[in-house]
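Here is how the chains run, residue by residue.
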Amino acid sequence: MLKAKDTAVTGLTKGVEGLFKKYKVDYIKGTGSFQSANKLKVALNEGGEDELEAKNVIIATGSEATPFPGVPFDEERIVSSTGALSLKEVPKTLTVIGGGVIGLELGSVWSRLGAEVTVVEFLGGIGGVGIDEEIAKNFQKILQKQGFKFKLNTKVTSLKREGETVTIEIEGAKDGKKETISSDVCLVAIGRRPYTEGLNLEAIGVETDKRGRIVIDDQYNTSAPGVKCIGDVTFGPMLAHKAEDEGIAAAEYIQSGHGHVNYDAIPSVIYTHPEVAWVGKTEQELKAAGVEYKVGKYPFLANSRAKTNNDQEGSVKVLIEKETDKILGAHIIGPNAGEMIAEATLAVEYSASAEDVARTCHAHPTLSEAFKEANMAAYDKSINF
């Protein structure tokens, strides 16, 4: 399994190098450091140094896993997402600190391989920022049926490795109840932080906020002339596809002075089984904003493709504006949710109404029919449920 993972990673990275060659992009392997806003010193991986000069520079150094305070990753027993992808054996017990996207994804992997997984989360729900609360509750129930154990509203007060065991001291965030967990492996998934180490940003006056994110304007300009910034190292969700779109927009600004990313139409996916995906507004956000809305739901239990595949857990939930039927958000938990969310994202991008989707012919039998039916339920009523 790990060999297949390494083969996939190598193939993808070599594919990017191939694209560099195709488009005549010089690829310099090393660690860059600003000498001025348009001049970089590069410590080459193969030894020695190089110096680059450019009219425009885009910072896209990404992010790194945030460790538990005072406890570095050893990537054997106390691991980041990187270490969790390279464990040499299936742990009997795995404790995950953090019930967000990364913790649940990797917890799901090792749970399906036989590990007993316990998730410790400070907040009262799982899924992280942006997930619809109703979907999150259903998601938790499904994972619990798979064997996950959850300790919500719980904080970790101590974490230490003792030989081949990790000891985690926890405490109820509300009741103060203390408990000790012993685990073969502990995955620390409490978030990621911008990676700017060694860039020498202070030398060129690049401003960062209190969380270490590089401050940019609406055209990705930093406070240093000629230096733009995109991706995890600046504001917004830390998603590869969001960074990719920003990279295109930044290049367009440099080339033509115009670029665009619609941040209301950035999909999110949790790659567990079943998958969870969403785009646009959540129900709690609409309530907080005082928006009048309607809800359409459709279970995969009533979808012929899902039933045929015997993979029918989950549902589709669509939120529409009450007066106009405009789709404001879509939330899916179920098989291939990560693929299905593309249609919802397109609908949000083009301000489609629920009726627009409902009157669009969807192939039968497909999982996508569940999205059509949810839209039908939102503006009128579903036919097949």
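(A) Spatial organisation of the overall build of the chain. Scanning the chain for helices and strands turns up 10 helices and 20 strands. Seen along its three principal axes, the alpha-carbon backbone of the chain occupies a region of about 65 × 60 × 40 Å. Going through the 385 residues of the chain one by one, you find that 42% of them count as buried. Across the chain, contacts joining residues at least 24 apart in sequence account for 57% of those joining residues at least 6 apart.

(B) Structural view of the sheet that holds strand S11 (residues 165-172). Pairing is antiparallel in the open sheet, where three strands are placed in the order S10-S11-S12. A strand with exactly one partner marks an edge of an open sheet, and here the two such strands are strand S10 (154-162) and strand S12 (178-183). Taken pair by pair, the neighbouring strands of this sheet meet at an average axis angle of 20°, ignoring direction. Bridge count between S11 and S12: six bridges; the pairing is antiparallel. Bridging from a neighbouring strand, Ile170 pairs with Glu179 of S12.

(C) Layout of the packing of aromatic side chains. Counted under the stated rule, the structure contains four aromatic pairs. Between Phe20 and Tyr27, the ring centres sit 5.2 Å apart and the planes meet at 55°, which makes this aromatic pair tilted. Taken together, a centroid distance of 5.7 Å and an interplanar angle of 20° make the contact between Phe148 and Phe150 stacked. The buried category is assigned to Phe148, whose relative accessible area is 4%. Assessed through its relative accessible area of 15%, Phe150 is described here as buried.

(D) Looking closely at the nonpolar core. The biggest cluster of nonpolar side chains holds 28 residues, and the ones touching the most others in it are Leu104, Phe139, Phe150, Leu187 and Val276. Residue assignment for this core shows that the elements contributing at least two residues are strand S7 (93-97), helix H3 (101-112), strand S8 (116-120), helix H4 (133-145), strand S13 (185-188) and strand S17 (275-280). Ranked by residues supplied to this core, first place goes to H4 with five residues. When sequence neighbours within four positions are dropped, the list of residues in contact with Leu104 reads Gly99, Val119, Ile126, Gly127, Phe139, Leu143, Phe148, Phe150 and Thr272. Among the nonpolar cores identified, the runner-up in size contains 27 residues, and Ile327, Ile332, Ile341 and Val357 belong to it.

(E) Quick peek at the side chain of Lys242. With respect to the helices and strands, Lys242 occurs in helix H5 (residues 240-256). When neighbours within four sequence positions are excluded, Lys242 is seen to be in contact with Gly231, Phe235, Gly236, Pro237, Tyr263 and Ile266.

(F) Up close: unusual backbone geometry. Looking along the chain, the bond that leaves His273 and enters Pro274 is cis, with omega of 0°. Position of Pro274 among the secondary structure elements: in the loop between strand S16 (268-270) and S17. Cis geometry marks the peptide bond from His364 to Pro365; its omega dihedral reads 0°. Position of Pro365 among the secondary structure elements: in the loop between helix H9 (354-358) and helix H10 (369-379). For Asn153, which is not glycine, the phi dihedral falls at a positive 50°. Tracing the backbone through its elements, the reader meets Asn153 in the loop between strand S9 (149-151) and S10. Asn153 gets classed as partly exposed once you look at its relative accessible area, which sits at 25%.

(G) Representation of the environment of Lys294 within the structure. Its place among the elements puts Lys294 in strand S18 (residues 293-299). In this structure the C-alpha to C-alpha distance between Lys294 and Ala370, which are 76 residues apart in sequence, comes to 17 Å. Setting aside its immediate chain neighbours within four residues, Lys294 contacts Val318, Leu319, Ile320, Lys322, Asp325, Ala378 and Tyr379.

Conventions and cut-offs
- Residues numbered from 1 in each chain as written.
- Predicted model: local features only at pLDDT ≥ 70, side-chain atom pairs only at ≥ 80, totals over all residues.
- Heavy atoms only, no water.
- Helix = DSSP H or I, 4+ residues; strand = E, 2+ residues; numbered from the N terminus.
- Buried < 20%, exposed > 50% of the residue type's maximum accessible area, 1.4 Å probe, protein only.
- Contact = heavy atoms within 4.5 Å.
- Pairing = 2+ DSSP bridges.
- Axes fitted to C-alpha atoms, helices over the stretch in contact; angles between N-to-C directions.
- Phe/Tyr/Trp six-rings, centres within 6.5 Å; stacked < 30°, edge-to-face > 60°.
- Core = buried A, V, L, I, M, F, W, Y, C linked by side-chain atoms within 4.5 Å.

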